[in-house]
Amino acid sequence: MKKIRSALKEFDPKTFIALTVAGIINAFGVTIFLFPVKLYDSGISGLSMLLDQITPANLTLSLFLLVLNIPIFVFGFKKQGAAFTIYSIYTVGIYALMSYLIMNVLPIDVSFISPLAGSDLLLCAIFGGVISGIGSGLTIRFGGAIDGIDVLSVVFAKKIGLSIGTFVMIFNTVLYTVCGITVKSRILPLYSIVTYYIGSRTVDFVVEGIDKSKCAMIVTTKANDISDALAEQFEASGTIVDAIGSYSKESKEIIYFIVNHFQINKLKKIVHSIDPTAFISLQDVSDIIKKKEP
């Protein structure tokens, strides 16, 4: 309880506003595009959709979202922390509430076709994946998760020798296979895979952004000259680290320098004009976080 109380003091109301929007967006994508045509979201959300369809009418999607997700988030409390757990439960609550309103209260018919895309499975898969992916991505970006499968993958993947991505993929493969058997269709699970793929790419886009930066790791013996030239050209500074060649035992230096993908060729030309033997390695950088000056 002390951890929860201390975490509550640090919460920003703007975060809860963003998570509210994320939950509403996710519910819209799932209930308007996926659920009416029996396409399935990934993870616990997809399992909840299946259970809604095969259980009595009083057991709804919203109920399963809460009953299945909340215990998982509580289970992952120690590993994920108080803030993550509270943010996640809150967003799932908004997702469940909005799903209930769309399907049971608002005058929207989602019983057999999508109100916006009709019975076109491809359109439903694409737009359902994109919209639910935006909701999931926003939740992750603001410090939570909208599906318990994320917590399960973190807790169990390494214990059974799997990567997080592989764990989620296996879960969804089993889920879609069961869904196909249940609804007696080979087509619907395949379109659900399309939804899952598009949704996961959308999550990456929302979390990491469209314009990924690159971290250039430059191994050279002329670090000061190269660093000065890069700073003059790009009006930014890098970081120089001392290093030793593992084979030659020669003293070298490594420059860490951040550029966008439009600047990569110019960086290469500048570096090799000063040191033709310099080694350049490029890695993706999703976010660059700087502490603001007081």
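Read on for a plain summary of the structure. Note that the structure is predicted; figures quoted are calculated from it, not measured.

All right, on to the overall build of the chain then. The helix and strand inventory of the chain stands at twelve helices and four strands. Considered along the principal axes of its C-alpha atoms, the chain spans approximately 70 × 50 × 40 Å. Each of the 294 residues in the chain was classed as buried or not, and the buried ones make up 40%. The long-range share in the chain, meaning contacts at least 24 apart out of those at least 6 apart in sequence, stands at 73%. When the accessible surface of the chain is split by element, carbon and sulfur atoms take 63% of a total near 16,500 Å².

The next subject is a nonpolar patch on the surface. A contiguous nonpolar patch, built from M169, I170, V174 and V178 and spanning about 330 Å² of accessible area, is present on the exposed surface. Its location among the elements puts I170 in helix 9 (residues 164–183).

We now examine the pairing of strand 2 (residues 239–244). Note that strand 2 and strand 3 (residues 251–260) share six bridges and pair antiparallel. Across the sheet, the residue bridging to I240 is I255, located in strand 3. Here strand 2 folds back onto strand 3 in antiparallel fashion, the turn holding six residues, of which K249 has a positive phi close to 60°.

Now for the packing of aromatic side chains. Counted under the stated rule, the structure contains seven aromatic pairs. Their ring planes at 90° and their centres at 5.1 Å tell us that F16 and Y90 sit as a pair that is edge-to-face. With F16 in helix 2 (residues 13–34) and Y90 in helix 6 (residues 82–105), this residue pair connects regions lying 74 residues apart in the sequence. In textbook terms, an aromatic cluster arises when at least three aromatic residues are bridged by ring pairs, as seen for F16, Y87 and Y90. Directly above the aromatic system of Y197 lies the positively charged group of R201, at a separation of 5.2 Å from the ring centroid.

Our focus in this paragraph is the nonpolar core. One broad trend across soluble globular proteins is that nonpolar side chains are buried collectively. In this structure, V30, L39, Y40, M49, L61 and Y95 are the most contacted members of the largest nonpolar core, which totals 26 residues. Put simply, the parts of the chain that give this core at least two residues each are helix 2, helix 3 (43–54), helix 4 (61–75), helix 6, helix 7 (121–141) and helix 9. The element that contributes the greatest number of residues to this core is helix 2, accounting for five residues. Those residues in contact with Y40 that sit more than four places away from it in its chain are G46, M49, L50, Q53, Y176, C179, V183, S192 and T195. Listed in part, the 15 residues of the second largest apolar core include I270, V271, A278 and I280.

The subject of this paragraph is helix 8 (residues 149–156). Every buried residue belonging to helix 8 is among I149, V151, L152, S153 and V155, and all of these are buried. Lining the buried residues of helix 8 we find helix 3, helix 4, helix 5 (77–80), helix 6 and helix 9.

A few words on the sheet that holds strand 4 (residues 279–285). With antiparallel pairing, the four strands of this open sheet are ordered in space as 2-3-1-4. Edge positions in the sheet fall to strand 2 and strand 4, since each has one partner strand and no second. Strand after strand, the sheet turns through a mean of 25° between neighbouring axes, direction not considered. In the sheet, strand 1 (residues 213–220) pairs with strand 4 via seven bridges, with the strands oriented antiparallel. Each residue of the ladder has a partner; that of K214, found in strand 4, is D284.

Rules behind the numbers
Residues numbered from 1 in each chain as written. Predicted model: local features only at pLDDT ≥ 70, side-chain atom pairs only at ≥ 80, totals over all residues. Heavy atoms only, no water. Helix = DSSP H or I, 4+ residues; strand = E, 2+ residues; numbered from the N terminus. Buried < 20%, exposed > 50% of the residue type's maximum accessible area, 1.4 Å probe, protein only. Contact = heavy atoms within 4.5 Å. Areas by Shrake-Rupley, 256 points an atom, 1.4 Å probe, with all protein chains shown as cover. Patch = residues over 30% accessible without salt bridge, like charges linked within 9 Å, V, L, I, M, F, W, Y side chains within 5 Å. Salt bridge = Lys/Arg side-chain N within 4 Å of Asp/Glu carboxyl O. Pairing = 2+ DSSP bridges. Phe/Tyr/Trp six-rings, centres within 6.5 Å; stacked < 30°, edge-to-face > 60°. Lys NZ or Arg CZ within 6 Å of the ring centre and 35° of its normal. Core = buried A, V, L, I, M, F, W, Y, C linked by side-chain atoms within 4.5 Å. Axes fitted to C-alpha atoms, helices over the stretch in contact; angles between N-to-C directions.

Honestly, it's all geometry; don't read function into it.
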